[in-house]
Amino acid sequence: MKLKRNIFVVLFFFLFIHPRIGQTQYSFDRLWPVQSQPWYFYNPHRVVIGPDRHVYIVDSEFYRIQKFTTNGQFVKAWGSAGTGDGQFYIPEAVYVDESLHVYVADTWNDRIQVFTTNGTFIKKFGTSGSGPGEFYAPRDLAMDQARNLYVVESGNDRLQKCTTNGTTLSNIGGLKTPRGVAYDPAGYVYVADSDNHRIVQFSTNGTWITNWGSRGGTNGGKFERPRCLDVDPDGYIYVADTGNYRIQKFTTNGQFLSAWGTNGYGPSQFRYPYSVAFDPLSDKVYVCDMEIGCINIYGTNGQFLSSWRCSGSNAGMFQDPMYLDIDKNNTLLAADRYNNRIQRFTSSGGFVARMGSLGTNDGQFNQPHAVTVDEANNIYVADTCNHRIQKFDPGGSFIRKWGGSGTNSGAFNLPVGITVDQFNRVYVSDSGNNRVQVFTTNGTFLYRWGGPGTNAGRFNNPRGIAADRTGSVFVADSGNHRIEKFATNTAYLGRWGIQGIGDGQLNTPEQVDVDAAGNVFVADKMNWRMQKFSGTGTFLARFGSLGSGQGEFSRPSGICVDASGSVYTADTGNHRIQKFLASPSSPGTNQAEQTNARRLKTGVYPNYLDLSQGRKVKIYIGQAVSAEIRIYTVNMNLIKSFARRNFQEGEYAEWDGTIGETGNRAGAGIYIIYIKGDEINEKLKLIIKK
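Novice: Is there a simple way to think about the side chain of N244 in this case?
Specialist: Here N244 is to be found in the loop between β23 (236-241) and β24 (246-251). Note on N244: relative accessible area 14%, which makes it buried. Apart from the residues within four sequence positions on either side, N244 is in contact with G217, T218, K222, F223 and E224.

Novice: What should I look at first to understand the packing of aromatic side chains in this one?
Specialist: Two numbers describe a pair of aromatic rings. These are the distance of the centres and the angle of the planes. Under the counting rule described, the total for this entry stands at 43 aromatic pairs. Look at Y286 and W308: their rings are 6.0 Å apart centre to centre, the planes differ by 75°, and that puts the pair in the edge-to-face class. One end of the pair, Y286, is in strand β29 (residues 284-289); the other, W308, is in strand β31 (residues 304-308), with 22 residues separating them in the sequence. A network of ring pairs unites the aromatic residues Y26, F28, F521, F543, F553 and F580 as a single cluster. Geometry around Y40 places R576 over its ring, the cationic atom sitting 4.8 Å from the centre.

Novice: Can you walk me through the sheet that holds strand β51 (residues 539-543) in this structure?
Specialist: The strands making up a sheet associate through backbone hydrogen bonding, with each pair oriented either parallel or antiparallel. On the basis of which strands lie adjacent, the open sheet formed by 4 strands has the order β48-β49-β50-β51 and antiparallel pairing. Only two strands of the sheet have a single partner each, and these edge strands are β48 (509-514) and β51. Recorded for the sheet is a direction-independent mean angle of 20° between the axes of neighbouring strands. As defined by bridge partners, β48 adjoins strand β49 (residues 520-524) across 4 bridges and the pair is classed as antiparallel. Note on β49: the bridge partner recorded for V514 is V520.

Novice: Hey, could you run me through the confidence of the model for the protein chain in this one?
Specialist: Detailed reading of the predicted coordinates is not advisable wherever pLDDT falls low. In the predicted model, the protein chain carries a mean pLDDT of 90, and the fraction of residues at 70 or more is 92%. The low-confidence segment residues 1-22 (pLDDT under 50) makes 89 contacts with residues lying over four places distant or belonging to another chain. A low-confidence stretch, residues 586-600 stays under pLDDT 50, and its non-local contacts, those more than four residues away or across chains, total 28 contacts.

Novice: Which parts of the structure should I look at to understand the environment of R309?
Specialist: Positionally, R309 belongs in the loop between β31 and β32 (321-326). A relative accessible area of 14% places R309 in the buried class. R309 sits 268 residues away from F41 along the chain, and the two C-alpha atoms are 8.0 Å apart. Reaching out from R309, the side chain makes a polar contact with the side chain of N296 at a distance of 3.3 Å.

Novice: Explain the state of the cysteines here, please?
Specialist: Note on terminology: a disulfide is the covalent bond linking the sulfur atoms of two cysteines. Inspection of the entire model under this criterion finds 0 disulfides. Among the cysteines around C294, which has no disulfide bond, C288 carries the closest sulfur, lying 7.8 Å off.

Novice: Could you clarify how one ought to interpret the nonpolar core in this entry?
Specialist: In this structure, Y56 and V102 are the most contacted members of the largest nonpolar core, which totals 28 residues. When contributions to this core are tallied by element, the ones reaching two or more residues are β3 (54-59), β6 (93-96), β7 (101-106) and β62 (669-677). The biggest single contributor to this core is β62, with 3 residues. Excluding residues that lie within four positions of it along the chain, Y56 makes contacts with R46, V47, V48, G50, I65, Q66, K67, W78, V94, V96, V102 and T117. Within the second largest apolar cluster, 24 residues are counted, among which are Y323, L333, F412 and V428.

Novice: Which parts of the structure should I look at to understand the sheet that holds strand β18 (residues 198-203)?
Specialist: Pairing is antiparallel across the open sheet formed by 4 strands, whose spatial order is β16-β17-β18-β19. For this open sheet the edge positions go to β16 (180-184) and β19 (208-212), each flanked by a neighbour on one side alone. When the angles between neighbouring strand axes are averaged without regard to direction, this sheet yields 20°. Both β18 and β19 contribute to a ladder of 4 bridges, which runs antiparallel. Bridge assignment links Q201 to a residue of β19, and that residue is T210.

Conventions adopted
Residues numbered from 1 in each chain as written. Predicted model: local features only at pLDDT ≥ 70, side-chain atom pairs only at ≥ 80, totals over all residues. Heavy atoms only, no water. Helix = DSSP H or I, 4+ residues; strand = E, 2+ residues; numbered from the N terminus. Buried < 20%, exposed > 50% of the residue type's maximum accessible area, 1.4 Å probe, protein only. Contact = heavy atoms within 4.5 Å. Phe/Tyr/Trp six-rings, centres within 6.5 Å; stacked < 30°, edge-to-face > 60°. Lys NZ or Arg CZ within 6 Å of the ring centre and 35° of its normal. Pairing = 2+ DSSP bridges. Axes fitted to C-alpha atoms, helices over the stretch in contact; angles between N-to-C directions. pLDDT = per-residue confidence, 0-100. Polar contact = N/O pair within 3.5 Å; in protein donor to acceptor, adjacent residues only side chain to side chain. Disulfide = S-S within 2.5 Å. Core = buried A, V, L, I, M, F, W, Y, C linked by side-chain atoms within 4.5 Å.

In structure tokens form, the structure reads like this:
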């Protein structure tokens, strides 16, 4: 899974669904479990307790700031994806000063924005670059008693000290990808010098005082990429030792005191502890776990107190639900991956039963990704990290298993998808081996096809798999961003989809399912939506967008359709199931209004990447226009231009990083892309990774 990622998905678009006239619409019906609090987070990076006694959380990839009371009651949220005032591009930090001004490090917009505590925009400062008043990936914020603002910039490997209006006062270098900064009222500034695996102490005038910590091991004072830190009024420093899955506590001179946390999903475990905040009135320590998407609250010595999260292990709760299926009794089955179990529900969300636990014994699982049923309602589970398939009777009693880790026929390397066709053949997408294997329902190997590659019939991380009533098999070829279609005898029948955001384009498709009419439904995970196609790949409909509201998704991975045409989705990042009902679109809808509402916004995809190994940047055009494209350095030196041509909506130009006609390639840094025409004048930012 998941984070520590080097490539950020393009933003500047949300996909709202306005099907064309005559298409089927899918309207939200219900979701489960229903949360008493909207503790939905997508890669949260920072938690702070403001002087107003509210908790502010940077919900980074939902592009918003969320505000709660200290006991977890939701108050307000603000922000959206974009470059306008009050919009964000992967924000990572927030600081609330004594005047109740909220400063936000709008990290990939390379700026600081300032708001009231109700989210009203006040001002912004900073532009892309490395000069005074410029930022390159600002990651964290702190303020001293003289109201000087400290900004750590991982892109510039420095700590910048500036006024609250953005005027640079000084710069401190000698750092390597710094991530966190904190101010001690005793007059010191502490920096989490992440890639140097240490904490550095400075005076407020930038004088180096001391540092402590080094890489190598899990003893007290050893670090693995510490991210953020906080100082309490008694002079204790709490450090998010991210790579070691723990919090460490020190005196202000670096003396190790204690540590807590291990790798896992339990109450006192972490997967990616990114930031830590101390509440001086309650003596509680708030820890933001970016990968799990939660806020955990502890005593000062690490005793677990509570957690704000939408995931859980109780009956009906989920920890990353994955693939779905529905049996002949209209019972929905869900692979509950990190709870290592299968859960069953009525079609209206009523909990029925659960089966499984973590382990390698019969009936136990290790991160099961998929579940399916045959005509007799027997249950088959892709027990992914145990590299095997398990079969159960309709009541959940174990029958048999087959597989094992390997590359030979019948062995698996991370089996992810599974389906049973009408002829009782069991198809398994053997993801790590980039192939499909076929078995009898007793586990006898029949045949296989595939192999790594991009040519027809080859795969790059195949995921979901489904069979229709005519004998066709559909595979979500996830890494190639397409659907491939085969006959049951392995004959190649076709494919559709390319990487992109337009109708029929895909970004990391996960599960597929086929309805009674032969239509193919796809969980288009990293486009945060579902798409519907004919059995030959004609685009029919889509629904969903990024978010945590009704009908919105976070990394949706599962989809299945029941006999009535209702669609069930596994909203993985939000740890819930959503159900949608089908209805024909209104014949009175204005086509022009639909087209405008569906218009894709201009953007760069992917951003923050390296251009080695044949990778290319796609520059999307959000409308049908005639335009030219020019690429500049931040110093406005032109390095690449594309001749003016006619673009269709959602079309893109590609750049492989070559500069002019020289054949030289662009290095790491920030680049500005201008798209100009009679009806378009767009400025975009591209970041090429170090």
